[in-house]
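# Report on the structure
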Amino acid sequence: MLMQAHATTTGHSGAAIAHPVLEVRNLRVVFPTRHGVLNAVSDVSLTINKGEILGLVGESGAGKSMTGMATLGLLEPPGRIAEGEILLDGRRIDNLPEREMAKIRGRRIGAIFQDPLTSLHPLFTVGAQLVETIRLHLHLSRSQARRRAIDLLKEVGIPAASDRIDDYPHQFSGGMRQRVVIALALAAEPELIIADEPTTALDVSIQAQITALLRRICRERAAAVMLVTHDMGVIAETADRVAVLYAGRIVEVGHVDAVIHAPKHPYAKGLMDSIPPLEGRVARLAQIDGSMPRPDSIPEGCAFHSRCTLAGPHCRIAVPGLVETEGSRTACWLYSGGVEA
Amino acid sequence: MLVFLVKRIFNAAVVMLAVAAMAFLIFRFVGDPVEMMVNEQTTQAQRDQLREHLGLNDSVFVQFERFVVNAAHGDFGISYRNQRPVSELIAERFPATLELVLVATILSLLIGIPLGVVTAIHRGTWYSETLQFGSILGVSLPSFVVGIMLILTFSVTLGWAPAFGRGDVVHIGWWSTGFLTRSGRASLILPSLSLALFQITLVMRLVRAEMLETMRMDFIKFARARGVPARRVQFRHALRNCLMPVITMTGMQFGNLIAFALITETVFQWPGMGLLFMQAITFVDIPVMAAYLCIVSFIFVAINTLVDITYAVIDPRLRHQGH
Ligand SMILES: Nc1ncnc2c1ncn2[C@@H]1O[C@H](COP(=O)(O)OP(=O)(O)OP(=O)(O)O)[C@@H](O)[C@H]1O
Ligand SMILES: [Mg+2]
């Protein structure tokens, strides 16, 4: 809590020098295909401050991973950034040459991917992978790097770290492997961590542990975190702010309490209603009829209008922009001029 | 790991016994060995004596056992044509074949792996496509055509390298090597290239396919996300993952190469086992044929077993299967 307050105050008072760790401005990610150019991400803007965890939620295909990948500079061709800017600590990184970007990845931006089973190279020991990462970014000798690797493994909670460092990934359980992946992401103390569904592939019993670990470690380092997930429970527990994506656009973004307990956007409302209550009562899931349009069939106007019970004629014509709503910013005509044409 | 070793070696032994049985059947029942060894002047008594001496009156099982035991000691009898021990003939010819195949294998890896990586990384560029197309030619051209073309171009027309024989060899114990003389090395060039061409294209295509597949994998993406530079990702992380199939294939192909060397050796008059075998066929020299069969199979099986073991050493997942 303290760190939070601190980060926020410096953010405001040192206006000239303090930048958010990550600032994404009007990002558009496209995939040119035979059937035309698909917009996987459209006009996405977001900021993450030091020590802050921003949750990115939305259905499968909403553009969460593409936002993260674009930030890492790892979009698979032909996917590319068509518009917008990505700034790390106030400096643009989206237009850096690959060589420069490689120096930023791992050093200033750490990444954690969904599947710990496949994230680690099966033919190298976890120690070799850690030492490689550490020595790529920090000027340490082999033995210093190894010592650091052991410390990192201890820190992420691998028992008997100094023995296990020479083990291969397949000798670890799924949860332990994800801890190794987290250690790898932290190897060079990055200021930004992009965690793309870090717990989705894990056993439910282990998910909470990994989430707690991630939160503790990022807090301790005051790292900025982009936490991609479709688990609203994880968001509620972990994130400070949350952005809800729908068909490549942010439909609502704001403080986690506001977005989860008092969502404004009809889609966000539907999404929050679908969280099963913690008490374990069998809750009726307020499912939204229909499904999210794929990038090749996004309709005119608000992409959600065909599923929205409150939609009016105006929603079919123009895309709403984000406007201030209580505790959050929402892109919906209900809050910006009405749904009537 | 030990269990694994024992299992693999047991398998190999069973296969070898089966091969020995086949070789034995050829030896024993394709023509009468006694008839092959005698001429018209030999009396019936002499024939019977020879039959007894060769042990052909014993039961088939006793004979087979003797055949296997002798073969295991490297004794394959006397060549009908040369009237010399087959083992001696083979020992004379074996180094030539092995050196040829060895050089061809090394060539195929040295040329094939980089070509495979380059065509995978620069997919879609004109040179990559040209190589890819050229490799189809390499796979489909018959070996003797390649050999003759090489001889015509580099030996007859350009005069760069000798077209037949081994050149001068140096004897080290019973081994004869062409590596130590100029003419020996020069003589290796064309035949080994001819033998390797097919293998080069095979390695290149395999490496390319494996690289393309590996480059899509999560751990490659994650390596890049950790900041590993692209070159290092390609040549260390991805290539390492491709080497196992390449090693397997190279190992398996080693036996094939020894078999294919037959043709190359014939085209280039290379004094190896293949040429010996070809000559043995013309003279129905059964002991030599049986020995060739056994030895080539033995090499096949030994290599397969070794490849499996190497595989386990390289891939820790196989090694720890017992855990
Ligand atoms: N190689 C590609 N070619 C064309 N379209 C693609 C490609 N990769 C992704 N997309 C599109 O980009 C959109 C956004 O994908 P993204 O992976 O960001 O979704 P996501 O929100 O992470 O979903 P998930 O929860 O399934 O991970 C998807 O609708 C997908 O169709
Ligand atoms: Mg995703």
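Residues numbered from 1 in each chain as written. Chains lettered and ligands numbered in written order. Predicted model: local features only at pLDDT ≥ 70, side-chain atom pairs only at ≥ 80, totals over all residues. Heavy atoms only, no water.

### Regarding the overall build of chain A
A count of helices and strands for chain A gives 12 helices and 12 strands. For 341 residues, the compact-globule formula gives about 20 Å, and the C-alpha radius of gyration of chain A, at 21 Å, lands near that figure. Expressed along its principal axes, the backbone C-alpha trace of chain A runs to roughly 70 × 50 × 50 Å. Residues classed as buried in chain A amount to 51% of the 341 residues present. (Helix = DSSP H or I, 4+ residues; strand = E, 2+ residues; numbered from the N terminus. Rg over C-alpha atoms; globule rule 2.2 N^0.38 Å. Buried < 20%, exposed > 50% of the residue type's maximum accessible area, 1.4 Å probe, protein only.)

### Here's the deal with the site of ligand 1
Residues and elements named next belong to chain A. In the vicinity of ligand 1, 14 residues are found, and the nearest of them are Ser60, Gly61, Lys64, Ser65 and Met66. At 3.0 Å, a backbone N or O of Gly63 approaches an oxygen atom of ligand 1. Within the backbone of Lys64, a nitrogen or oxygen atom sits 2.9 Å from an oxygen atom of ligand 1. In isolation ligand 1 exposes 630 Å². Once the protein is present, 72% of that is buried. With 3 residues, helix H2 (residues 64-72) is the largest single contributor of residues to the shell around ligand 1. Among the residues forming the shell around ligand 1, the class breakdown is 5 nonpolar, 5 polar and 4 charged. (Near = heavy atom within 4 Å. Polar contact = N/O pair within 3.5 Å; in protein donor to acceptor, adjacent residues only side chain to side chain. Areas by Shrake-Rupley, 256 points an atom, 1.4 Å probe, with all protein chains shown as cover. Nonpolar A, V, L, I, M, F, W, Y, C, P; charged D, E, K, R; others polar.)

### Notes on the sheet that holds strand S4 (residues 80-88) of chain A
Residues and elements named next belong to chain A. If you walk across this open sheet you meet the 4 strands as S2-S1-S4-S5, and the pairing is antiparallel. Each end of this open sheet is capped by a strand with a single partner; those strands are strand S2 (36-48) and strand S5 (91-92). Direction of pairing for strand S1 (residues 22-33) relative to S2: antiparallel, over a ladder of 9 bridges. Across the sheet, Val29 pairs through a bridge with Val41, a residue of S2. Taken strand by strand, H2 contacts S1, S2 and S4, and its axis lies near 105° from that of S1. (Pairing = 2+ DSSP bridges. Contact = heavy atoms within 4.5 Å. Axes fitted to C-alpha atoms, helices over the stretch in contact; angles between N-to-C directions.)

### Quick word on the sheet that holds strand S8 (residues 224-228) of chain A
Residues and elements named next belong to chain A. One open sheet accounts for 8 strands, arranged S6-S7-S8-S3-S9-S10-S12-S11; its pairing is mixed. Since the sheet does not close on itself, it has two edges, and those belong to strand S6 (109-112) and strand S11 (323-325), each with one partner. Between one strand axis and the next, the sheet turns by 20° as a mean value, whatever way the strands run. With 5 bridges joining them, strand S7 (residues 192-196) and S8 adopt parallel strand pairing. Residue pairing in the sheet places Ile194 in a bridge with Met226 of S8. Of the strands in this sheet, strand S3 (53-57), S6, S7, S8 and strand S9 (241-246) are in contact with H2, which crosses S7 at around 145°.

Functional significance is not addressed by these values, which are geometric in nature.
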